[in-house]
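Each chain, letter by letter, is given below.
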Amino acid sequence: MKRRIIMLGAPGSGKGTWSKIISDARKLTHIATGDLFRRELAAETPLGLEVKSYMERGALVPDELTIRLVEKALTGENAALGFVLDGFPRTIPQAEALEAILAKHGWKIDAVVDLAIEEDVLIGRTLARLVCSGCGQPYNAVSMQPAVEGVCDRCGGEVVRRGDDTEETIKKRMETYHANTAPLIDYYRERDLLVTFSNEGPPNEETRDLLFAIIDGDKR
Ligand SMILES: [Zn+2]
């Protein structure tokens, strides 16, 4: 049973959704760096305030800070039962730091899942994302429309396309992602941990079974 898993995937690849499916099915802790940031910020912890100072300046949160945040999450007792890392590591220094943190606990990563998706599929899927301008409820023009087109089911607000989702910004995000992640793919391939899962369709029973078979090493 694989218990320590890293999920790699471009923005919009379904990484968050699949991380949740795996962690629910295997009773693992889902550690998403985005959630960690939000939690620390909301609780105004010293770490959170440090993160905030970078975000307020529009600067990137440095690796060192992200690493401390993840280390804190991995030290929690829930992580001892296994975890799915979603959004970390993003760089080689982060991957090396992770190895050092795990070594302190005597742990090793079991599998690194690369969620592969064709660029045009990802662009189509991302462009279909909608959001309520009132309450932030997400919708999707293809798979999850509100009952009345353009009107939020929850608050009656206007449902619009996400402003940051244009073909140009998506392509830009993909480029940045690939530039940063390509070395990581090699890093984990060399360690014989990398498995590739083609995520072209929505999650269903069949794709779930396939992913679990891949993680467990049956289909490598
Ligand atoms: Zn709403």
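Preceding block: the structure.
What you see is a predicted model, and the numbers here were worked out from it, not measured in a lab.

We now examine the sheet that holds strand β2 (residues 29-32). Taken in spatial order, the 5 strands make up an open sheet running β2-β3-β1-β4-β8, and their pairing is parallel. Looking along the sheet, the strands with just one partner apiece sit at the ends: β2 and β8 (194-198). Here the strands of the sheet are splayed against their neighbours by 25° on average, with no regard to which way each runs. Inspection of the sheet shows strand β1 (residues 4-9) paired to strand β4 (residues 111-116) by 5 bridges, in the parallel sense. Of the residues in β4, the one forming a bridge with Leu8 is Asp114.

Cis geometry marks the peptide bond from Phe88 to Pro89; its omega dihedral reads -5°. Looking at the secondary structure, you find Pro89 in the loop between β3 (83-86) and α5 (92-105). Notably, Glu44 is not glycine yet its phi reads approximately 50°, a positive angle. Positionally, Glu44 belongs in the loop between α2 (33-43) and α3 (46-56). By C-beta crowding, Glu44 is classed as exposed, having 10 other C-beta atoms within 10 Å. Look at Asp192: it is not a glycine, yet its phi comes out positive at around 60°. Within the secondary structure layout, Asp192 lies in the loop between α7 (167-190) and β8.

Okay, the sheet that holds strand β5 (residues 129-132) next. The 3 strands lie next to each other as β6-β5-β7, forming an open sheet whose pairing is antiparallel. Only two strands of the sheet have a single partner each, and these edge strands are β6 (138-140) and β7 (159-161). Here the strands of the sheet are splayed against their neighbours by 40° on average, with no regard to which way each runs. Looking at chain direction, β5 and β7 are connected through 3 bridges and run antiparallel. Residue Leu130 lies in a different strand from β7, and its bridge partner there is Arg161.

Basis of the calculations
Here, residues in each chain are numbered from 1, in the same order as that chain's written sequence. The model is predicted, so local features are restricted to residues of pLDDT at least 70 and side-chain atom pairs to those at 80 or more, both for listing and for counting; the totals for chains, interfaces and linings are taken over all residues. Strand pairing is assigned whenever DSSP identifies at least 2 bridges connecting the two strands. Secondary structure is summarised from DSSP: a helix means a run of H or I of at least four residues, a strand means a run of E of at least two, and numbering begins at the N terminus for each. Between N-to-C directions, angles cover 0 to 180 degrees, with each direction set by a line fitted to C-alpha atoms, over the stretch in contact for helices. To sort residues by exposure, count the other C-beta atoms lying within 10 Å of each residue's C-beta; 20 or more gives buried, 12 or fewer gives exposed, and values between give partly exposed, all with C-beta atoms placed from the backbone.

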